[in-house]
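Working through the structure, step by step
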Amino acid sequence: MLTIKGADRILVDSSTEDSGDLTLDDGSPHDRVLDASGCVVTPGLVNAHHHLLQSAFRTLPGTRGVPMAEWLPAMAAAYGRVGHDPEAYAMAASVGAAESLLCGVTTIADHHLNWPHGAAIADTVALARATAEAVRSLGARLVFVRGSARDDPEWAGESAEAIVTALVPGGAGGVSPDGMLQLAVGPAGVHSDARETFAALGAVAARHGLRRRTQANEQVDTAIAIERYGRRPLRLLDEWGWLEPDVTVAHLCDITPGEIRLLAQAGVTATHAPGCDLPMGWGVAPVAALIEAGVVVGLGTSGGGSNDAGHLLADARLALQVSGLVGSQLPARTVLGMATAGSAVGLGRPELGHLGAGSAGDLCLWDVSGVADAGVHDPIAGLLWASPGRRPKHVVVGGRVVVRDYRLVAADEAELAARLRERLARTPPTI
């Protein structure tokens, strides 16, 4: 048993606080104590929208302040120079997962869109497995989304089927028995993938009970959808059977009141990604209006190609700061709820994002005893408003300590960074 002892505050969920000690069953016969003196305890953060491969490709020339039509080929060229192979994918995922854990993220949804076109199906399974094993080795949970961006529909469907069969054989709803790996599917959006691709990946999801995810209404995809189909993205998704309760849609910056009602009526969940949307010039999603309409909203960072950090709490702070530009100011607890339970709902994982009955035992201990928190009246709100670069002191996943005293337990942070730098300096053959 693991006991969290002496915490100043325990945030059970976005609206419920507790005090005293917290005991978790970690499956160990030994009793252990984690000192939480001077700390606020929260559920582990859930990053509902990441692109882990992009952790190896940040601040690249030609990717800042440029149109999407220029950004995409700049990123694709960088991937091509390094090569699509399991080693590169594993190293990028290791760095992204390590950064996430050190920032309090215990579950990462990796919307993987970049595949070597025409590769053997077995090779795509190897790439997915390398990513999953890298994240697991550090102790984080992964939701691997077999995405697509201009892939051949039949090939994408066959690849998704093979990945599910290989990585979570017999897993209910695409979730491994221990809950550490979940599989989902998700085309990049109507701007890059045709109806046939949505249908092929949707069929895999239906066979295996997987969640579905996609991106819509950034800005550029709206223009492309109108030009190509004569309709806006969400109307197309509705026609294609992709506005249903098992679907989560990311971004939604360019969205109308009628489209918000459409999402709410369909039971679709949403993911807010301000750390990507703002630098890409897409604007700010009207989160307050979405929530008021009854849409459950999660929070994501997106990837290093648009948001050079995987710091979800920092993006929660950004979400607070910009929310008043497009509606009412969001309360800190609401945004913290988006980064925990809101994201978990979109993943179909009710055991994540809270510390109440039935929780998976994922949590963070945030030290609030220093000068950055001095004078803070509400330490829960202060987690977001104060100390923008805040990191948790300890992180626990499934009752196991994976970050202790600001350091990874299962790996050396400097070594992970050095290995990736060395890998990026050479170009091996692709698989």
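Residues numbered from 1 in each chain as written. Predicted model: local features only at pLDDT ≥ 70, side-chain atom pairs only at ≥ 80, totals over all residues. Heavy atoms only, no water.

Examining the sheet that holds strand β7 (residues 141-148)
Reading across the sheet, the 8 strands line up as β5-β6-β7-β8-β9-β10-β11-β12 and stay open at both edges, with parallel pairing between neighbours. The open sheet has two free edges, formed respectively by β5 (45-50) and β12 (297-299), since each of these has just one partner strand. When the angles between neighbouring strand axes are averaged without regard to direction, this sheet yields 25°. Where strand β8 (residues 181-187) and strand β9 (residues 211-216) come together, 2 bridges link them in parallel fashion. Bridge pairing in β9 links Ala184 to Arg211. Contacts between helix α2 (residues 86-102) and the sheet are confined to β5 and β6 (105-112), with β6 contributing the most and set at about 145° to the helix. Most of the contacts of helix α5 (residues 195-208) go to β8, to which it runs at about 155°, and overall it touches β7, β8 and β9. (Pairing = 2+ DSSP bridges. Helix = DSSP H or I, 4+ residues; strand = E, 2+ residues; numbered from the N terminus. Axes fitted to C-alpha atoms, helices over the stretch in contact; angles between N-to-C directions. Contact = heavy atoms within 4.5 Å.)

What about the layout of surface pockets?
Over the atoms a probe the size of a water molecule is rolled, and this reveals where empty space is left. There is about 460 Å³ of room inside the largest pocket. Every residue lining the largest pocket is counted, 29 residues in all, and those nearest its centre are Leu72, Leu113, Asn114, Ala149 and Arg150. Ranked by the residues each element gives to the lining of the largest pocket, the list is headed by helix α1 (residues 68-82), at 8 residues. Counted by class, the lining of the largest pocket contains 15 nonpolar, 12 polar and 2 charged residues. As a volume, the second largest pocket reaches approximately 240 Å³. Contributing to the lining of the second largest pocket are 14 residues, with Arg58, Val95, Glu413, Ala417 and Arg421 lying nearest its centre. (1 Å grid on protein atoms, 1.4 Å probe; cavity = no way out; pocket = protein on both sides within 12 Å on 5 of 7 lines; lining within 4 Å. Points joined across faces, edges and corners; volume = space filled by probe spheres on them. Nonpolar A, V, L, I, M, F, W, Y, C, P; charged D, E, K, R; others polar.)

With respect to the UniProt feature "domain: Amidohydrolase-related" (unreviewed entry) in the chain
As annotated by UniProt and renumbered to match this structure, "domain: Amidohydrolase-related" (unreviewed entry) occupies residues 40-402. The distance from the first to the last C-alpha atom of residues 40-402 is 18 Å, and the span holds 42% helix and 17% strand. (UniProt positions renumbered as here; feature names shortened; annotations may be inferred.)

A short note on α1
An α-helical turn contains 3.6 residues, so a residue and the one three or four places further along point in the same direction. The end-to-end C-alpha distance of α1 is 21 Å, a good match for the 21 Å that 15 residues give at a rise of 1.5 Å each. Along α1, the residues classified as buried are Met68, Trp71, Met75, Ala78, Tyr79 and Val82. Each buried residue of α1 lies within a common arc of 100° when the element is viewed along its axis, so the set occupies one face. Seen from the open side of α1, the exposed residues pointing more than 90 degrees away from its buried face are Ala69 and Arg81. Residues of α1 that are buried make contact with α2, α6 (220-229) and α14 (413-424). Gly83 sits one or two positions beyond α1 and adopts a positive phi of about 105°. (Expected span 1.5 Å × (residues − 1). Buried < 20%, exposed > 50% of the residue type's maximum accessible area, 1.4 Å probe, protein only. Arc of directions from axis to C-beta.)

Here we look at the packing of helix α11 (residues 312-323) against helix α12 (residues 332-346)
It is at 10 Å that the axes of α11 and α12 come closest, and there the two elements cross at 140°. What the angle tells us is that α11 and α12 run oblique. Two packed elements cross with a definite hand, and for α11 against α12 that hand is right-handed. Only Ala332, Val335, Leu336 and Ala339 of α12 make contact with α11, whose side of the interface consists of Leu312, Leu313, Ala316, Ala319 and Leu320. Tallied by class, residues from the contact of α11 with α12 come to 9 nonpolar, no polar and no charged. (Parallel < 35°, antiparallel > 145°, perpendicular 65-115°, else oblique. Left-handed = near helix turned anticlockwise from the far one by under 90°.)

Thoughts on the nonpolar core
Phe57, Leu101 and Leu263 are the most contacted members of the largest nonpolar core, which has 112 residues in total. Tallying contributions element by element places α2 first for this core, with 11 residues. Looking at which domains feed residues into this core, each of domain 1 (2-43 + 358-413) and domain 2 (45-347) supplies at least three. If sequence neighbours within four positions are ignored, Leu101 has contacts with Thr106, Leu138, Ala140, Pro392, Val395, Val397, Val402, Val403 and Leu408. Judged by nonpolar contacts, the second largest core, of 15 residues, contains Leu22, Cys39, Leu365 and Val396. (Core = buried A, V, L, I, M, F, W, Y, C linked by side-chain atoms within 4.5 Å. Domains from an automatic or database assignment.)

Quick look at the packing of aromatic side chains
One pass over the full model with this rule turns up 5 aromatic pairs. Centroid distance Phe57 to Tyr79: 5.0 Å. Interplanar angle 85°. Geometry classified as edge-to-face. Placement of the pair is Phe57 in the loop between β5 and α1 and Tyr79 in helix α1, with a sequence separation of 22 residues. With respect to burial, Phe57 and Tyr79 carry one shared label: buried. Look at Trp115 and Phe144: their rings are 6.2 Å apart centre to centre, the planes differ by 85°, and that puts the pair in the edge-to-face class. (Phe/Tyr/Trp six-rings, centres within 6.5 Å; stacked < 30°, edge-to-face > 60°.)

Things to note about the pattern of salt bridges
Taken as a whole, this structure holds 23 salt bridges when the rule is applied. Glu17 is the partner of Arg9 in a salt bridge, and the nearest nitrogen-oxygen pair spans 3.0 Å. A salt bridge links Asp246 to Arg212; the nearest nitrogen and oxygen atoms lie 2.7 Å apart. Taken as a pair, Asp246 in the loop between α7 (233-239) and β10 (247-251) and Arg212 in strand β9 lie far apart in primary sequence, 34 residues in all. Overall, Asp246 belongs to the partly exposed group, its relative accessible area being 22%. One continuous salt-bridge network, built from bridges that share partners, spans Asp85, Glu87, Glu422, Arg423 and Arg426. (Salt bridge = Lys/Arg side-chain N within 4 Å of Asp/Glu carboxyl O.)

With respect to the domain arrangement of the chain
Each assigned domain of the chain is listed with its residue range as follows: domain 1 (2-43 + 358-413) and domain 2 (45-347). When each unit is reduced to the centre of its C-alpha atoms, the spacing between domain 1 and domain 2 is 27 Å. Each partner contributes to the interface: domain 1 provides 33 residues, whereas domain 2 provides 27 residues. Put simply, domain 1 and domain 2 have 3 salt bridges between them. Between Asp378 and Arg333 there is a salt bridge, with the nearest N and O atoms lying 2.6 Å from each other. Applying the counting rule to domain 1 against domain 2 returns 7 residue pairs in polar contact (both at pLDDT 80 or more). Within the residue set of the side of domain 1 that touches domain 2, elements represented by two or more residues are β1 (2-13), β13 (363-367), α13 (379-385), β14 (394-397), β15 (400-404) and β16 (407-408). (Polar contact = N/O pair within 3.5 Å; in protein donor to acceptor, adjacent residues only side chain to side chain.)

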